[in-house]
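# Fold and geometry: a report
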Amino acid sequence: MILHHWDTDGITSAAIYMDLFGEDEHYTPKIGNYYLDEEDMDYLRRFDSIVILDMNLPDSKELCGNAELKIYDHHRTERIECAAEHYNPYLWGKHYPSCTTVLSERFGYKFNHLVALGIVGDMGPKAKELKEWNLIEKVMEEYRIKWEDLETAVALLDSSYKLNKRFEVLENVHRAKDLRSLLEDDTLRSNVEKIDVEIHRWAQRAESMGSYYFLKMRTPYHIISSVTREIAWGMGKRAIVVNEKEDRDEFYIRSPEKNFNAIPLIEYAREKGYRAGGKREVMGAVLPKGKGEEFSMEIVKILGW
Ligand SMILES: [Mn+2]
């Protein structure tokens, strides 16, 4: 059983693992859950061998009771002691751009389009600054495609999780094998069109609060990060977005300013007991239902906006 992340890097990592060791059953946690819930646990307990790819799941140690556990990943993490193998270069102080590069190193897997897509998925245009860039260029030459085509392939593979189609994410592991047919896949293409419309529609509704723009939205799709980016980069505004989901509020903040630093905000959210993540230029948090606006006001106050 292969348990993998729902994004392009997770999808291509699963495809690589199956290329190495043969077809296998595979599964992702519910989209948006960076943990295993009771339903996931019940399902996974039937397997005596589980491989986790591209996900840091602290509660995965509970799987060791029933299964031999192997983990290949590149996220910030702590060692899972009970795992038969926990191969994550982060544990020895190295940062890898994708899980696909971790697999490539661990198993001597050839640098092909799957490895490249994993990197482009996680790093975006920053891929061009990596030491792997010349290998990515070789893949582009081999397929006679451009950088934009790699970005399109990533958008296609990511479109399924953005639309909350968990079953389709699993299908994409097989779609990813053939880059040519992936780029022409009608189902995924129409996903991308739908997502673009939805992102634009919401971003337009952001309201000026004077020194920043605020948007309260309600969508079942996983697009808050893209909507916030559209307001900050596309419209050039400081952006705070709250998405009211059925069981939680999602929060995102991004600013086009060079000296903006979201790190203290991430710490602030974590001190309050919320799950939060991000980097200097962006922060995302999952809040209890109904807390979105109150938390936004606290953040605005901290920033002096
Ligand atoms: Mn990854």
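Residues numbered from 1 in each chain as written. Predicted model: local features only at pLDDT ≥ 70, side-chain atom pairs only at ≥ 80, totals over all residues.

## Examining the sheet that holds strand S6 (residues 207–208)
Strand order across the open sheet formed by six strands is S6-S7-S8-S9-S11-S10, with mixed pairing between neighbours. Single-partner strands in this sheet number two, and they are S6 and strand S10 (275–279). Across six bridges, the pairing between strand S8 (residues 239–244) and strand S9 (residues 248–254) is antiparallel. Residue Val-241 lies in a different strand from S9, and its bridge partner there is Tyr-252. On the sheet, helix H11 (residues 263–271) packs against S9, S10 and strand S11 (282–288) and is oriented at approximately 170° with respect to S10. (Pairing = 2+ DSSP bridges. Helix = DSSP H or I, 4+ residues; strand = E, 2+ residues; numbered from the N terminus. Contact = placed C-beta atoms within 7 Å. Axes fitted to C-alpha atoms, helices over the stretch in contact; angles between N-to-C directions.)

## Some points on the nonpolar core
Ile-52, Leu-53 and Leu-117 are the most contacted members of the largest nonpolar core, which totals 43 residues. Mapped by element, the contributors of at least two residues to this core are strand S1 (2–4), helix H1 (8–21), strand S3 (49–53), strand S4 (68–72), helix H3 (99–107), helix H4 (113–123), helix H6 (147–162) and helix H7 (166–175). Excluding anything up to four places from it in sequence, Leu-117 contacts Thr-8, Thr-12, Leu-150, Ala-153, Val-154 and Ala-176. Counting residues in hydrophobic clusters, the runner-up holds 32 residues, among them Leu-163, Val-242, Tyr-252 and Leu-287. (Core = buried A, V, L, I, M, F, W, Y, C linked by C-beta atoms within 7 Å. Buried ≥ 20, exposed ≤ 12 C-beta atoms within 10 Å, placed from the backbone.)

## As for the sheet that holds strand S2 (residues 26–27)
What the five strands build is an open sheet, ordered S2-S1-S3-S4-S5; its pairing is parallel. Among the strands making up the open sheet, the edge pair consists of S2 and strand S5 (85–87). With three bridges joining them, S1 and S3 adopt parallel strand pairing. Looking at the pairing, His-4 lines up with Leu-53 of S3. Strands S3, S4 and S5 of the sheet are contacted by H3, whose axis makes an angle of about 110° with S4.

## Some remarks on the domain arrangement of the protein
By the assigned domains, the protein splits into domain 1 (2–185) and domain 2 (205–303). Put simply, the middle of domain 1 and the middle of domain 2, counted by C-alpha atoms, are 27 Å apart. Taken together, the contact pairs six residues of domain 1 with four residues of domain 2. Each residue belonging to the side of domain 1 that touches domain 2 can be placed in one class, and the counts come to three nonpolar, two polar and one charged. (Domains from an automatic or database assignment. Nonpolar A, V, L, I, M, F, W, Y, C, P; charged D, E, K, R; others polar.)

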